[in-house]
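# Structural features, examined
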Amino acid sequence: MKFKVKTSDLVESIRIATRGVSKAAGSNVLEGILFEAKDKVLTLFATDLRISIRTVLPCEVYEDGIFVLNSNLISEIARKMQGEYCDVTIDENICEVKSGRSVLKFAALESKDFPPFPTLAEEGSLKVKGEDFVELIQKSKVSVSLDENRLIYTGIKFESKDGFLTATALDGYRISLTRKKTDENKDIHFIVPSSTLYDVEKLITDGDDVLIRTSESHAMISFGRTDIYTRLFEGEFFDFKPLILTEGKTEVTIDRKALSDALDRAMIIAKGNINMVRLTITDGNMNLMSKGSIGETNDDIEIEKTGEDLLIAFNPRYLRDGINIFEDDKIKLLFTESTNAATIYGVKDIVFTYIVLPVRLQ
């Protein structure tokens, strides 16, 4: 195998492929990246048997071939090369990389034991702007569960309906709903492992469009010159829609930063104790009080209130993490009872909705 490739393109493609390399493979092959040179294209492929990543780049191919190179080694070598181009030759399982006045040689592996890149029996597809898909991931992940015993909730659910794509995440304490308008009018839904989506989020670049193709149990997420093949979670989230309030017995409009700062102060005192901040809502004022073994905090914030007075308590971190996602200066909180979830909206922002469960007052 022999090819010539631009060094910067090679470094970037290795960076992408490395996200699919197994971190605990116990196999030299799965710790590597498969390189295939053919028809003026260099294809890089890596898998940890959980996800598979394939990315391509243009190159000058002098001799077709397919080999596996250790991912850490080729990544270090490519990043240290000073020349604009790299000339790569693999002969008798020895890889030689020339760039500028530097030459490095190291061992290559046969590709016969490397798993093939998966194929997908496509059942549905969806196209979305890359920047919108990244925003859906970023605003959802605050509510993704870390509990591997409830595996489905470690994923993010995507639902396309009526020209909108909605991403939902929940962990039993809070729910994040983010929706973006699309040009698609398809009715499909699927749940993607968050670990896959965090890789996708880091790899999408400005101007990319994302094509998602799904089967019953897997999906192919394609953008730029890269394809990511991943499993999907089977099953459904519980029906959270009755928790979403469109009006409440108590409705509060408040400065988002003032509330966030007060919750930060409450978290200092709440650490290592009863992790709770109590909200006392009256006409024109919200009082936040937190008590702990090391002291207490008291904050009063001016509000606009309609409806009934209310005493309710929350985990301050869960409440703060959600309101910090909003881009609006002011947010609106809707309540019914002290034991029921609150729904939070931006005053102008219609993209993100946050639902958070209260802490039961003694």
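Rules of the game
Residue numbers here run from 1 along each chain, matching the order of that chain's written sequence. In keeping with the predicted nature of the model, local features appear solely for residues at pLDDT of at least 70, side-chain atom pairs appear and are counted solely at 80 or more, and the whole-chain, interface and lining totals rest on all residues. Computation of side-chain values covers all heavy atoms of the structure but excludes hydrogens and water. Think of a nonpolar core as a cluster: buried Ala, Val, Leu, Ile, Met, Phe, Trp, Tyr and Cys residues, connected wherever their side-chain atoms sit within 4.5 Å. Note on exposure labels: buried denotes an accessible area under 20% of the residue type's maximum, exposed denotes more than 50%, and partly exposed covers the range between, all computed with a 1.4 Å probe on protein chains only. A run of H or I in DSSP counts as a helix once it spans at least four residues, and a run of E counts as a strand once it spans at least two, with each numbered from the N terminus. Whether two residues are in contact is decided by their heavy atoms, any of which lying within 4.5 Å being enough. N or O atoms within 3.5 Å of each other form a polar contact, as long as, within protein, one can give a hydrogen and the other can take it, and as long as residues adjacent in sequence are counted only when both atoms are side-chain atoms. Structural elements are reduced to axes, namely lines fitted to C-alpha atoms, with helices fitted over the stretch in contact, and the angle between N-to-C directions of any two is expressed from 0 to 180 degrees. Oblique is the label for any angle not covered by the other classes, which are roughly parallel (under 35 degrees), roughly antiparallel (over 145) and roughly perpendicular (65 to 115). With the far helix as reference, a near helix turned anticlockwise by less than a right angle produces a left-handed crossing, and one turned clockwise produces a right-handed crossing. Any residue that is not Ala, Val, Leu, Ile, Met, Phe, Trp, Tyr, Cys, Pro, Asp, Glu, Lys or Arg is counted as polar, Gly included; the first ten are nonpolar and the last four charged. When two rings of Phe, Tyr or Trp (its six-membered ring) have centres within 6.5 Å they constitute a pair, described as stacked for plane angles under 30 degrees, edge-to-face for angles over 60, and tilted for the intermediate range. In this analysis the charged atom, NZ for Lys or CZ for Arg, is taken to sit over a ring once it is within 6 Å of the ring centre and within 35 degrees of the ring normal. Marked domain ranges trace back to an automatic or database domain assignment. Pairing between strands is defined by DSSP: at least two bridges between the two strands are required.

### Describing the nonpolar core
In this structure, Ile 254, Leu 259, Met 286, Leu 288, Phe 335 and Ile 344 are the most contacted members of the largest nonpolar core, which totals 30 residues. Ranked by the residues each element gives to this core, the list is headed by helix α5 (residues 256-270), at four residues. Every residue in contact with Phe 335, bar those within four places of it in the chain, is listed here: Leu 245, Gly 248, Lys 249, Thr 250, Val 252, Ile 281, Leu 310, Ile 312, Phe 314 and Ala 342.

### Some words on unusual backbone geometry
Although it is not a glycine, Asn 93 sits at a positive phi angle of roughly 65°. Looking at where Asn 93 falls in the secondary structure, it is placed in the loop between β7 (85-91) and β8 (94-99). A residue is classified by how much of its surface remains accessible, and Asn 93, at 25% relative accessible area, is partly exposed. Its identity is not glycine, yet Asp 162 carries a phi of approximately 55°, on the positive side.

### Observations regarding helix α6 (residues 316-323)
The buried fraction of α6 amounts to seven of the eight residues, a majority that puts the element mostly inside the structure. Considered for burial, the residues of α6 that qualify are Pro 316, Tyr 318, Leu 319, Arg 320, Asp 321, Gly 322 and Ile 323. Sitting at the head of α6, Asn 315 places a side-chain oxygen 2.9 Å from the backbone nitrogen of Arg 317.

### Topic: the packing of helix α1 (residues 7-18) against helix α2 (residues 71-80)
In contact at an axis separation of 9 Å, α1 and α2 are set at 150° when each is read in the N-to-C sense. Here α1 is positioned roughly antiparallel relative to α2, judged by the angle of their axes. Our pair here, α1 against α2, has a crossing hand that is left-handed. Taken together, the residues of α2 that come into contact with α1 (itself represented by Thr 7, Leu 10, Val 11 and Ile 14) are Ile 74, Ser 75, Ala 78 and Arg 79. Partitioned by chemical class, the residues of the contact of α1 with α2 number five nonpolar, two polar and one charged.

### Section: the packing of aromatic side chains
One pass over the structure, following the stated rule, counts nine aromatic pairs. Both rings, one in Phe 45 and one in Phe 114, keep their centres 5.2 Å apart while their planes meet at 75°; by these two values the pair is edge-to-face. Pair noted here: Phe 45 is in strand β3 (residues 41-47) and Phe 114 is in the loop between β9 (102-107) and β10 (124-129), with a separation of 69 residues, a long-range link. Classification of Phe 45 by relative accessible area gives buried; the value is 6%. With relative accessibility at 6%, the residue Phe 114 sits in the buried group. Taken together through their ring pairs, the aromatic side chains of Phe 45, Phe 114 and Phe 117 make up a single cluster. Across the ring face of Tyr 198, the terminal group of Lys 141 is positioned such that the distance to the ring centre comes to 5.6 Å.

### Considering the domain arrangement of the protein chain
Domain assignment breaks the protein chain into domain 1 (2-110), domain 2 (125-231) and domain 3 (244-356). On a C-alpha basis, the centres of domain 1 and domain 3 stand 51 Å from each other.

### What about the sheet that holds strand β5 (residues 60-63)?
Reading across the sheet, the five strands line up as β5-β1-β7-β8-β9 and stay open at both edges, with antiparallel pairing between neighbours. For this open sheet the edge positions go to β5 and β9, each flanked by a neighbour on one side alone. Ignoring strand direction, the axes of neighbouring strands in this sheet form an average angle of 20°. Both β7 and β8 contribute to a ladder of five bridges, which runs antiparallel.

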